[in-house]
Amino acid sequence: MGIRQSTAAAVPWLRRIGVVAMLLVVAWTGGVAATQLWPVQTQTRYFAADISIQPRLDSTLLLPTVVGDMEVSFDRRVLPAPGLEARVQVREEVTDLLRRGQLRTADLEPTPEELRAAIDDGVAELAWKFAAGALVTTALVMLAYAAARPAHVARGLVASAVATVLAMLVPGTAAYLTYRTDRVSEFRTTSLLSLVEQNTDILAGLDRKADQGAVYVTNLLALSSAMREEFSPDAVQTEPSARFLLVSDIHGLNQYPLMREIVQTQDIDAVIDAGDIVNFGRQDEGDLTDIYDGIESLGVPYIFVRGNHDGAFAGDESVLMRLAQIPNVLLVEPTEGELQQISVNGVTITGFNDSRYFNQRSDDYGADQAALAERFREATAGLDPSDIVLTHQPYAAERVTAGAVTINGHMHIPGLTGQHLQVGSFTGGGLVNQFRLPPLTERAQEAAEEDPETAGELQAHAYSFDILTFGEDCAISSLTRYSYRNLVSGRPQFDDVSLINGRTIQPQVPQDRSCSAGQGVEVQAVEQLVDDAEADPTQVEVPPPDDAVVTTLPPLELPEIDDETGGGAGAGDRSGATQQP
């Protein structure tokens, strides 16, 4: 009897909780709909934006534009925050000033204070519009319910108020804890925005063009720059001690003039290559395509690990021996079993070669890689993990531990899981690997008949590379990931750029260590380190780059303009202007 009474007493409360939960969903839907039907309008001096809440819980701020999207992802504290979308436009009164040449890109960029004030005003208005939409929606639902049961009007209004408060409190708290500059995990740009983010001299060209398209492109790119500065994590903005260009799977395609440009324009301290520099395991492939000369022309250390395409048979080290003749090449395992630790400005790198060779067949690839990883762990037992552990195969990389990150290639596509970083192919897999085999089998012939337009054509991966930056605390400060196209132009045309907070990869900062640009490059045998941790390493001097032509164009100087944006003076009336070529 007691159980029945308890159950009977609990039923009304369960019914009330169910009603409130249903109203909570209704309130959320109504609040989101209100912000989309009547977006919040906020503005800076030159820009205006319509902000709305999106029906998704992904802790992401999206700014779509006609020249690409800006996407800012945040780490959630407890609950995921509702997604936000801001549609940015140039204010109408600015268009005429741009056409007359009285504004430049630098003038359009909002100040941090101006941008923060606009964001704060927008968030405040967004909150009350969401609340109004949630309250009205739940009230209408409950009034419709109360019309059938007049005696429950008061109860319905109370339930409506409770649901509105919860609909505000739960996502509001999540948004407040999530949408903070110190919680940014990734800033990502796409399309033309990505191109100009990393090639700012293009903006000078746009400023010199007076056509209609340049008017809108210029102001949107300026806003992108300001948003990046606003939302870049503090760790990303610290002084770098070492910047590494990460590449992999060159596969015999000489793109070193392009790599040289990236090295110079991005202030790279060393290149890390995760293997498969040739296709068929023969060292003369590199001679035929001038790859070895291209490596030497970079003028920075080139740290290399052997991949499964870098040998023609078991134990073949001819490619490694040829690479060792290049003054700036540093091998993590020059010959089987002889491991080296390389230090660049205090950041330490170790690694191990892939034992496989071109066209090798095996019943158990995993066992081979597990054995390589076990041998590496045994060889480095007793040493603190190096900051970076480099190998070619992902299966092996997942079975070793690094202080900061393990790096592998092989798969031709970029990836990131915890502290395991997979580098994509710098050349899209190389020219040979991009062609399909002829349709030899019956199934392949059927597929070719179904889709004849693609049969036998190029099947390429994205061209991609990464820039890994360490701070003076010897921890990762940022990882910037790029994909690009249009290599015929001789310079990278960025399609996608992602900036990742280093703290999401390496949460723990090393203790009692300091890294700086003046520490230089050192190499030491791992066996020597194990036997005598105080042994002196070998200092490495890298020859400076040669006189090869660099395709990067320096940014052109823009004409000086008056601070005042009003008045009727045209471009020809400005004093002190610099003559453009």
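Use the structure listed above.
Observations regarding the overall build of the protein chain
Okay, so step 1: Looking only at helices and strands, the protein chain features 16 helices and 21 strands.
Okay, so step 2: Among the 581 residues that make up the protein chain, the fraction classed as buried is 48%.
Okay, so step 3: Residue pairs in contact within the protein chain that sit at least 24 positions apart in sequence constitute 71% of those at least 6 positions apart.
Okay, so step 4: Surface exposure of the protein chain reaches about 28,200 Å², of which carbon and sulfur atoms provide 55%.

Regarding the packing of aromatic side chains
Okay, so step 1: A full pass over the atoms with the stated rule returns six aromatic pairs.
Okay, so step 2: Ring centres of Phe244 and Phe470 lie 5.9 Å apart, and the angle between their planes is 90°; this geometry places the pair in the edge-to-face category. With Phe244 in strand E7 (residues 240-247) and Phe470 in strand E17 (residues 463-471), this residue pair connects regions lying 226 residues apart in the sequence.
Okay, so step 3: Classification of Phe244 as buried rests on a relative accessible area of 0%.
Okay, so step 4: Given the relative accessible area of 0%, Phe470 is considered buried.
Okay, so step 5: Grouped by ring-pair contacts, the aromatic residues Phe426, Phe465 and Tyr482 constitute a single cluster.
Okay, so step 6: Over the aromatic face of Tyr365 sits the side chain of Arg356, whose NZ or CZ is 4.1 Å from the ring centroid.
Okay, so step 7: Between Arg399 and the ring centre of Tyr395, over which it is positioned, the NZ or CZ distance is 3.5 Å.

Considering the state of the cysteines
Okay, so step 1: Counting across every chain of the model gives one disulfide.
Okay, so step 2: Covalent S-S linkage joins Cys474 and Cys515, the inter-sulfur distance amounting to 1.9 Å. Between Cys474 and Cys515 the disulfide shows an S-S torsion of about 110°. By sign, it is right-handed. Separated by 41 residues along the polypeptide, Cys474 in the loop between E17 and strand E18 (476-485) and Cys515 in the loop between strand E19 (493-501) and strand E20 (521-525) bring together distant segments of the chain.

What to know about the sheet that holds strand E15 (residues 415-417)
Okay, so step 1: Taken in spatial order, the eight strands line up as E15-E16-E14-E13-E12-E11-E20-E21 in an open sheet, and their pairing is mixed. The open sheet has two edge strands with one neighbour each: E15 and strand E21 (538-540). Each strand of the sheet is rotated relative to its neighbour by a mean of 25°, with strand direction disregarded.
Okay, so step 2: Direction of pairing for strand E11 (residues 340-344) relative to E20: antiparallel, over a ladder of five bridges. The residue bridging Val344 from the neighbouring strand is Val521, located in E20.

Regarding the pairing of strand E8 (residues 270-273)
Okay, so step 1: Residues of E8 alternate between two faces, with Ala270 and Ile272 on one and Val271 and Asp273 on the opposite face, all of them buried.
Okay, so step 2: Here four bridges tie E7 to E8, and the two strands are oriented parallel to one another. What sits directly across from Leu246, in E8, is Ile272.
Okay, so step 3: Each parallel crossover has a hand, and for E7 linked through helix H9 (residues 256-265) to E8 it is right-handed.
Okay, so step 4: Examined bridge by bridge, E8 and strand E9 (residues 302-304) share three bridges and lie parallel to one another. Across the sheet, Ile272 pairs through a bridge with Ile303, a residue of E9.

Digging into a negative patch on the surface
Okay, so step 1: A surface patch of like charges, here negative, comprises Glu338, Glu527, Asp531, Asp532 and Asp536.
Okay, so step 2: Tracing the chain through its elements places Asp532 in the loop between helix H16 (526-531) and E21.

Examining helix H13 (residues 365-379)
Okay, so step 1: The terminal C-alpha atoms of H13 lie 22 Å apart, and with 15 residues this matches the ideal 21 Å at 1.5 Å per residue to within 8%.
Okay, so step 2: For H13, the full list of buried residues reads Gly366, Gln369, Leu372, Ala373 and Phe376. What you see down the axis of H13 is that its buried residues fit within an arc of 125°, all on one side.
Okay, so step 3: Buried-residue contacts for H13 involve strand E12 (347-351), strand E13 (388-390) and helix H14 (394-397).
Okay, so step 4: Where H13 begins, the side chain of Asp364 points an oxygen toward the backbone nitrogen of Gly366, at a separation of 3.3 Å.

A look at unusual backbone geometry
Okay, so step 1: Residue Ser59 is not a glycine yet carries a positive backbone phi of 55°.
Okay, so step 2: Mapped onto the elements of the fold, Ser59 is located in the loop between strand E2 (47-54) and strand E3 (60-65).
Okay, so step 3: Unusually for a residue other than glycine, His251 sits at a positive phi of about 50°.
Okay, so step 4: Mapped onto the elements, His251 comes out in the loop between E7 and H9.
Okay, so step 5: The buried category is assigned to His251, whose relative accessible area is 1%.

Notes on the side chain of Thr35
Okay, so step 1: When you line up the elements, Thr35 lands in helix H1 (residues 2-37).
Okay, so step 2: A distance of 2.8 Å separates the side chain of Thr35 from the backbone oxygen of Val32, its partner in a polar contact.
Okay, so step 3: When sequence neighbours within four positions are dropped, the list of residues in contact with Thr35 reads Ile51, Ser52, Ile53, Leu126 and Phe130.

Details of the environment of Ser318
Okay, so step 1: In this structure, Ser318 sits in helix H12 (residues 318-324).
Okay, so step 2: You can call Ser318 partly exposed: its relative accessible area is 23%.
Okay, so step 3: Placed 35 residues apart in sequence, Ser318 and Gln283 show a C-alpha to C-alpha distance of 6.0 Å.
Okay, so step 4: The residues touching Ser318, leaving out its near neighbours within four places in the chain, are Gly281 and Gln283.
Okay, so step 5: Polar contacts involving the side chain of Ser318 include one to the side chain of Asp316, which spans 3.1 Å.

Thresholds applied
- Residues numbered from 1 in each chain as written.
- Predicted model: local features only at pLDDT ≥ 70, side-chain atom pairs only at ≥ 80, totals over all residues.
- Heavy atoms only, no water.
- Helix = DSSP H or I, 4+ residues; strand = E, 2+ residues; numbered from the N terminus.
- Buried < 20%, exposed > 50% of the residue type's maximum accessible area, 1.4 Å probe, protein only.
- Contact = heavy atoms within 4.5 Å.
- Areas by Shrake-Rupley, 256 points an atom, 1.4 Å probe, with all protein chains shown as cover.
- Phe/Tyr/Trp six-rings, centres within 6.5 Å; stacked < 30°, edge-to-face > 60°.
- Lys NZ or Arg CZ within 6 Å of the ring centre and 35° of its normal.
- Disulfide = S-S within 2.5 Å.
- Pairing = 2+ DSSP bridges.
- Axes fitted to C-alpha atoms, helices over the stretch in contact; angles between N-to-C directions.
- Right-handed = clockwise from strand over helix to strand, strands pointing away.
- Patch = residues over 30% accessible without salt bridge, like charges linked within 9 Å, V, L, I, M, F, W, Y side chains within 5 Å.
- Salt bridge = Lys/Arg side-chain N within 4 Å of Asp/Glu carboxyl O.
- Lys, Arg positive; Asp, Glu negative; His and termini not counted.
- Charge placed at Lys NZ, Arg CZ, Asp CG, Glu CD.
- Expected span 1.5 Å × (residues − 1).
- Arc of directions from axis to C-beta.
- Polar contact = N/O pair within 3.5 Å; in protein donor to acceptor, adjacent residues only side chain to side chain.

These figures capture arrangement, not role.
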